[in-house]
Amino acid sequence: MLIELDQIEQIALQSLESIQDEASLENWRVANLGRSSPLMQIFDQLGKLSKEERPVIGRRANELKRALESAFSTRSEALRQSALQHSLQSERLDITLPGRALSMGRLHPATISVREVVRAFADMGFQVYRSPEAETDEYNFGLLNMPPHHPARDMYDTFYTNMPNVSLRPHTSPGQIHVMRQYAPEPIRAILPGMCYRYEQISSRHETQFNQIEVLVVGENITLGDLKGTLGDLAHRLFGQKFRTRFRASYFPFTEPSAEFDFECLLCSGKGCSVCAWTGWLEIGGCGMVHPVVLQNGGYNPEKFSGFAAGLGTERIMMLKHRIEDIRNFWANDMRFLEQF
Ligand SMILES: [Zn+2]
């Protein structure tokens, strides 16, 4: 059996010499030190040996096992070193090549526009207030003077959710109620920016999602003059002193009187184009004096308090500013469009 062990050693060490890669080395380990290797079979037979033989063979077998293990790790380390040398030689880094620049992310044009309008209002002393994008029917319509049967609901084609009575807000106006209920009876000068959702026929001017900025001022002696002055001032801050705006009489259930607020179309300089529907003007939003019923729902006494509100579409403002001809560009995720801002 001692001769057998000598043979095992000789064969094992010889075959180890010629191994050049990790896979063969692993095969060698299994063949020579694995469970069914000749050496392990000798360990299995130790029990059958006589008392005199057992310690002699056992010692020799253990020595051989250690010898093979140490030869294995030496070879393994040698292979690792030579692989490293090889990769250092073949993959030498050419530091004379310039690196590839990482492309920098930037703000989405819709976000830029919201921030520009928010900044203009902040300069006028308004505070920013956030309100939820999904609201109950009561907040979306009911508290804004539109009970369930109200025909004005037809103007808002709403996305409903799986939760009964909860829909995505079709306008930022439900936020008016949240602000008023939080601050009544203190005066309010707030804007509420955020995304709105409507089931619209998509066109160059209409999208199913859009940013709106709600403007709400409540206090004593707030007049239509304050409304016109504030929105006119906003237009001048965004587009310069000579920029023209106009108000058209309109109807909203939550304001009385109500108006639509137009900016002159800069795309065609007022001559008429597809973006302004050949009118020379682009509707930026609706506005008006807060309806007494809405004031009351917000917790204010309409005998004592008055207020104005407006909802402005910021993508429309961005379209004017950068002569963007199609609102669909904002959500098309086309890098050629987005990279221009
Ligand atoms: Zn135009």
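All residue numbers here refer to positions counted from 1 along the written sequence of the relevant chain. For this predicted model, a pLDDT threshold of at least 70 governs which residues receive local features, and a threshold of 80 or more governs which side-chain atom pairs are given and counted, while totals over whole chains, interfaces and linings are taken from all residues. Water and hydrogen atoms play no part in the side-chain values, which are based on all heavy atoms of the structure.

**Student:** Sorry if this is basic, but what is going on with the coordination of the zinc ion here?
**Tutor:** Donor atoms (N, O, S) are those found within 2.8 Å of the metal centre, with the cutoff raised to 3.2 Å for Na, K and Ca; water is not part of the atom list, so apparent gaps in a site can occur. Taken together, Cys 265 (SG), Cys 268 (SG), Cys 273 (SG) and Cys 276 (SG) make up the full set of protein donors to the zinc ion, lying 2.2 to 2.3 Å away. Look at where the donors of the zinc ion fall in the sequence and you get C-x2-C-x4-C-x2-C. Grouping residues by exposure puts Cys 265 and Cys 268 together as buried. Using a 1.4 Å probe on the protein chains alone, a residue whose accessible area is under 20% of its type maximum counts as buried, one over 50% counts as exposed, and one in between counts as partly exposed.

**Student:** Just to check I follow, could you spell out the side chain of Asp 137 for this structure?
**Tutor:** Runs of H or I in DSSP of at least four residues are treated as helices and runs of E of at least two as strands, each being numbered from the N terminus. Counting through the fold element by element, Asp 137 comes out in helix 6 (residues 137–140). Given a relative accessible area of 16%, Asp 137 falls into the buried group. Ignoring anything within four residues of it in the chain, the contact list for Asp 137 reads Gly 142, Arg 153 and Asn 165. Any two residues having at least one pair of non-hydrogen atoms within 4.5 Å are treated as being in contact.

**Student:** Where do I start with the pattern of salt bridges in this structure?
**Tutor:** Pairing of side chains with opposite charge becomes possible as their charged atoms draw close. Between Lys or Arg on one side and Asp or Glu on the other, a salt bridge is scored when a side-chain nitrogen of the former is within 4 Å of a carboxyl oxygen of the latter. Evaluated as defined, the whole model comprises 14 salt bridges. Across the pair Arg 153 and Asp 137 runs a salt bridge, and its minimum N-O distance is 3.0 Å. Taken as a pair, Arg 153 in the loop between helix 6 and strand 3 (166–168) and Asp 137 in helix 6 lie far apart in primary sequence, 16 residues in all. Across this residue pair, the class does not change: Arg 153 and Asp 137 are buried. Its salt-bridge partner being Asp 334, residue Arg 336 comes within 2.7 Å of it at the nearest N-O pair. Here the salt bridges share partners, and the residues they tie into one network are Asp 6, Glu 9 and Arg 60.

**Student:** Even after reading the chapter, I still don't get the nonpolar core, so can you show me in this structure?
**Tutor:** It is characteristic of soluble globular proteins that their nonpolar side chains tend to be buried jointly. Phe 121, Val 215, Leu 234, Phe 239, Phe 263, Leu 312 and Leu 320 are the most contacted members of the largest nonpolar core, which totals 46 residues. Among residues more than four places away in sequence, those in contact with Phe 263 are Ala 235, Phe 239, Phe 243, Arg 244, Thr 245, Trp 281, Leu 282, Ile 284, Ile 317 and Leu 320. Counting 24 residues, the second largest nonpolar core, distinct from the first, contains Leu 144, Met 146, Ala 152 and Val 179. Put simply, a nonpolar core is a bunch of buried Ala, Val, Leu, Ile, Met, Phe, Trp, Tyr and Cys residues held in one set by side-chain atoms that sit within 4.5 Å of each other.

These figures capture arrangement, not role.
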